[in-house]
Amino acid sequence: MAKQLMRGSHVLGEAAVRAGCRYYFGYPITPQNEVPEYMSSRMLQVGGTFVQAESELASINMVIGAAMAGARVMTSSSSPGISLMQEGISYLAGLELPAVIVNVVRGGPGLGNIAPAQSDYFQATRGGGHGDYRTIVLAPDSCQELCDLTFKAFDLADKYRNPVLIMGDGMMGQMMEPVEFPEPIDPASLPAKDWTLSGAKGRPSRVILSLLLNPKVLEDHNFKLVRKYDAVTREETDWEEYLLDDARQVVVAYGTAARIAKGAIKRVRQMGLKVGLLRPKTLWPFPEKPLKDLTRVVRQLLVFEMSAGQMVEDVKMAVEGQAQVHFYGRPGGVIPTPDEVAHQISHYYYQAGLMEGDKPSKRHGGVA
Amino acid sequence: MAKGKIIIDREKCKGCSLCVSVCPKQCIAVSTGLNDKGYYPAEFSQGENGDCCNACTLCALTCPDIAIEVYRG
Amino acid sequence: MKKIFEAPKSLKPNLFHYCPGCGHSIIHRLVAEVIDELGIQERTIGVPPAGCAVLAYNYFDVDTGEAPHGRALAVATGLKRVLKDHVIFTYQGDGDIAAIGTAESIHAANRGEKITAIFVNNGTYGMTGGQMAPTTLPGMGSTTTPGGRDVARDGAPLDLTKMMAEAKGSVYLERVSVATPKGIRKAKKAIKKAFQVQLDGLGFALVEVLSPCPTNWKMDPVAAYEWTDKEMTKIFPVGVIKDITGYDKD
């Protein structure tokens, strides 16, 4: 299949359609307006359904309905709109319904701005909605990954009957890169779901609910969800390791920030600094184990986010005090440059005494 | 000979008295005995002449708990 | 003797948890009778509200999907867009459809979603203990309007059904009442018509049912039914609000 040059937001829509999604409900918000626009005509072409809902609140509830009916269904929005969807996402998790939600993150909080950011990490991974639940969160870093992870999102949603969130950002939504799309999936060929609302013909009527008034019953349901999330953690945690073999310091970053970090790492490597990158591809489940394992040889981590510092907390938890975790972040939609990140990397590298020949500084946990 | 009769399910009845208020022939009254749920359910009687009910179904129509079955003939 | 009145098939044989004299129980029965008569039990899907009728799935013997409070018509939209040949109905209270769900309700009507909505109007928030509803009458007591609803302080009652009539996609809107046996018969006719509209694919249909809430109105059932018939109808008169179905008048 030949590669196509396509804008990120269009890639999302095209990948969803090819993954068998025939229902999209959404509302305009910058910087992802291109997604509903693309879907409005693409759905017509494939005989799917596009509804521009009256709000993000209505969108996520239409998603609930379509998911109950067994369809592969998607919505997309950006930060403030995703805030409006939190109630729906909690319901999707409690009702055990599959759905794909895309967040093209912009600067916040409040109205913020329309520039790319990574300030919705907490919102995505720490609930955002009410109750004991988890959303599976995937973090692409390129248009190709936007495509691949969209396919994966629908598969994971169906496999685990859980909402899956794709964490994009304003830059990724707008940039154009060559993408190789997999062959389209015919929705009719997808495995049948035996739990959907389809009309009680030839069987007892079914209820899909999350209201369990008896606390013991609700507790059982919650533990059932916990076991589900444990399975997701065991099977689906994903990350990329970049130049980790000889690294003395590791940068932890995802999405667009990871691309900038790679640029920074290339620069400092030319100066002889041995730096690598661990890029989480699933923000939930978070790659705790690989980070913890890393601390056997690496004691210097630099977390880099386009935010005031959110994923850094997960990194600190993951290493359980076995490494120094530094943070560099630029919130508000500012796009940092590889040079400035390189500057930060080298600053902490020198401070920890990690240069060849330098005596490793015990105070900074330097490793020879 | 009564044209109709009703059977009231004592345990379904919540004693709301709507049937009592709509019966045009006053064949229904509130009983003096409690049911298991603690309500005083409605009670049907064909009256002294044994022909109170004419199967108009107004009671069953208005009964919220579908506690009344109506028979005609 | 022949049995001429019994419980409908589409209702599960469970005892209603509703209060003595609650209108919900009557309305549930009417909807189930209509589902029986139209022969659509096997392809009907219901969306209950948050409210006293949240447990409607304990009674309606059809596939049912829970919706967050107020969102039933958006959830129903998603269901109907996927299951085009099924019959989707929502069953909502006045708070669900006309307060928190106002936007979803009006826009479902505006888009002409082929859905049937049953709007149970009892002028109060029953399940949560009797707070003011958008349809609470002026002067009517509630737990959040000390001294009764005061229009200057609390706003006037809202007629959502009238608002929906403005939306071009709404095809049949009628207000009925279960306060009297005659009203109950009319209510059933209206509910049946509203389902027929969906079967004929004409557009959005809604039946608003004035329903007593003896518990929160602090009246005995007989008095509550009288009050519904005499007082509620002053602000919410029964009758057809919109009918562009083209069906013959009965």
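Residues numbered from 1 in each chain as written. Chains lettered and ligands numbered in written order. Predicted model: local features only at pLDDT ≥ 70, side-chain atom pairs only at ≥ 80, totals over all residues.

Undergrad: I'm lost on the overall build of chain B in this one. Help?
TA: Along the backbone of chain B there are 2 helices and 4 strands. Mapped from its N terminus to its C terminus, chain B presents α and β elements in the order β-α-β-β-α-β. By the compact-globule yardstick of 11 Å for 73 residues, chain B fits well, its C-alpha radius of gyration being 11 Å. In terms of its C-alpha atoms, chain B occupies a principal-axis envelope of roughly 35 × 25 × 20 Å. Looking at chain B as a whole, 41% of its 73 residues qualify as buried. Once local pairs closer than 6 in sequence are excluded, the contacts in chain B between residues at least 24 apart make up 67%. (Helix = DSSP H or I, 4+ residues; strand = E, 2+ residues; numbered from the N terminus. Rg over C-alpha atoms; globule rule 2.2 N^0.38 Å. Buried ≥ 20, exposed ≤ 12 C-beta atoms within 10 Å, placed from the backbone. Contact = placed C-beta atoms within 7 Å.)

Undergrad: When you look at the sheet that holds strand E3 (residues 49-52) of chain A in this model, what are you seeing that I'm missing?
TA: Residues and elements named next belong to chain A. The strand order across the open sheet formed by 7 strands is E3-E2-E4-E5-E7-E6-E13, and the pairing between neighbours is mixed. Each edge of the sheet is formed by a strand with only one pairing partner; in this case those strands are E3 and strand E13 (282-284). Strand-to-strand twist across the sheet, computed as the mean angle between neighbouring axes with direction ignored, equals 20 degrees. Sheet topology note: the strand E4 (residues 73-77)/strand E5 (residues 99-105) ladder contains 4 bridges and is parallel. Counted as the bridge partner of Met74 is Val100 from E5. Contacts from helix H1 (residues 8-18) reach E4, E5 and strand E7 (163-169), with the element oriented near 175 degrees to E5. (Pairing = 2+ DSSP bridges. Axes fitted to C-alpha atoms, helices over the stretch in contact; angles between N-to-C directions.)

Undergrad: How should I be thinking about the pairing of strand E12 (residues 275-280) of chain A in this particular structure?
TA: All names here are of chain A. Of all the 6 residues making up E12, 6 are buried; the element is thus mostly covered by neighbouring parts of the structure. Here E12 shows no split at all, with Val275, Leu277 and Arg279 on one side and Gly276, Leu278 and Pro280 on the other all buried. In this sheet, E12 lies alongside strand E11 (residues 249-252) in parallel orientation, the contact comprising 4 bridges. Bridging from a neighbouring strand, Gln249 pairs with Val275 of E12. Note that the unit made of E11, helix H10 (residues 255-270) and E12 has a crossover that is right-handed. (Right-handed = clockwise from strand over helix to strand, strands pointing away.)

Undergrad: Would you mind going over the interface of chain A and chain C with me for this structure?
TA: When the parts of a complex come together, some accessible area is lost, and that lost area is often taken as the interface size. Each partner contributes residues to the interface: chain A has 32 residues there, and chain C has 29 residues. Considering only residue class, the side of chain A that touches chain C consists of 19 nonpolar, 9 polar and 4 charged. As paired elements, strand E9 (residues 207-208) of chain A and strand E3 (residues 63-65) of chain C share 2 bridges and run parallel to each other. Residue pairing for E3(C): Val207(A) is matched across the bridge by Thr64(C). (Nonpolar A, V, L, I, M, F, W, Y, C, P; charged D, E, K, R; others polar.)

Undergrad: What is the right way to read the arrangement of the chains from this model?
TA: Among the 2 pairs of chains that make contact, the interface with the largest number of contacts is formed by chains A and C. Across all C-alpha pairs, the smallest distance from chain A to chain B is 21 Å, and the two are not in contact.

Undergrad: I would appreciate a short explanation of the packing of helix H2 (residues 72-82) of chain C against helix H4 (residues 102-110) of chain C in the present structure.
TA: Packed helix pairs are specified by the crossing angle of their axes together with the interaxial distance, meaning the distance between the axes. Residue and element names in this part refer to chain C. The contact between H2 and H4 brings their axes to 7 Å, and the two run at 40 degrees. Between H2 and H4, the interaxial angle falls into the category oblique. The segment H2 lies against H4, with Leu73, Ala74 and Thr77 engaging Glu104, Ser105 and Ala108. Partitioning the contact of H2 with H4 into residue classes produces 3 nonpolar, 2 polar and 1 charged. (Parallel < 35°, antiparallel > 145°, perpendicular 65-115°, else oblique.)

Undergrad: Looking at this structure, I do not really get the sheet that holds strand E10 (residues 239-242) of chain A. What am I missing?
TA: In sheet architecture, strand pairing relies on hydrogen bonds along the backbone and comes in two forms, parallel and antiparallel. All names here are of chain A. One open sheet holds the 5 strands; their spatial order is E10-E12-E11-E14-E15, and the pairing between them is mixed. Bordering the open sheet on either side are E10 and strand E15 (324-329), each of which pairs with just one other strand. The mean inter-strand angle of the sheet, taken between neighbouring strand axes irrespective of direction, is 20 degrees. As defined by bridge partners, strand E14 (residues 300-305) adjoins E15 across 6 bridges and the pair is classed as parallel. If you follow Leu302 over to E15, its bridge partner there is His326.

Undergrad: Any chance you could explain the domain arrangement of chain A here in plain terms?
TA: All names here are of chain A. Once the domains are mapped, chain A shows domain 1 (4-181 + 208-236) and domain 2 (240-364). A C-alpha centroid distance of 28 Å is found between domain 1 and domain 2. Contacts between the two partners involve 27 residues from domain 1 and, on the opposite side, 22 residues from domain 2. When residues of the side of domain 1 that touches domain 2 are traced back to their parent elements, those giving at least two are helix H6 (121-125), strand E6 (136-138), E7, helix H8 (170-174) and helix H9 (215-236). (Domains from an automatic or database assignment.)

Undergrad: Can you help me understand helix H1 (residues 23-38) of chain C in this one?
TA: The periodicity of an α-helix, 3.6 residues per turn, causes residues three or four positions apart to be oriented the same way. Residue and element names in this part refer to chain C. Under the 1.5 Å per step criterion, the end-to-end length of H1 is 23 Å for 16 residues, consistent within 8% with the ideal 22 Å. Within H1, 12 of the 16 residues are buried, which leaves the element mostly enclosed by the surrounding structure. Of the positions making up H1, those classed as buried are Gly23, His24, Ser25, Ile26, Ile27, His28, Arg29, Leu30, Val31, Ala32, Val34 and Ile35. Residues of H1 that are buried make contact with strand E2 (44-47), strand E5 (116-121), helix H7 (181-199) and strand E7 (204-210). Positioned one or two residues after H1, Gly39 has a phi angle of 65 degrees, which is positive. (Expected span 1.5 Å × (residues − 1).)

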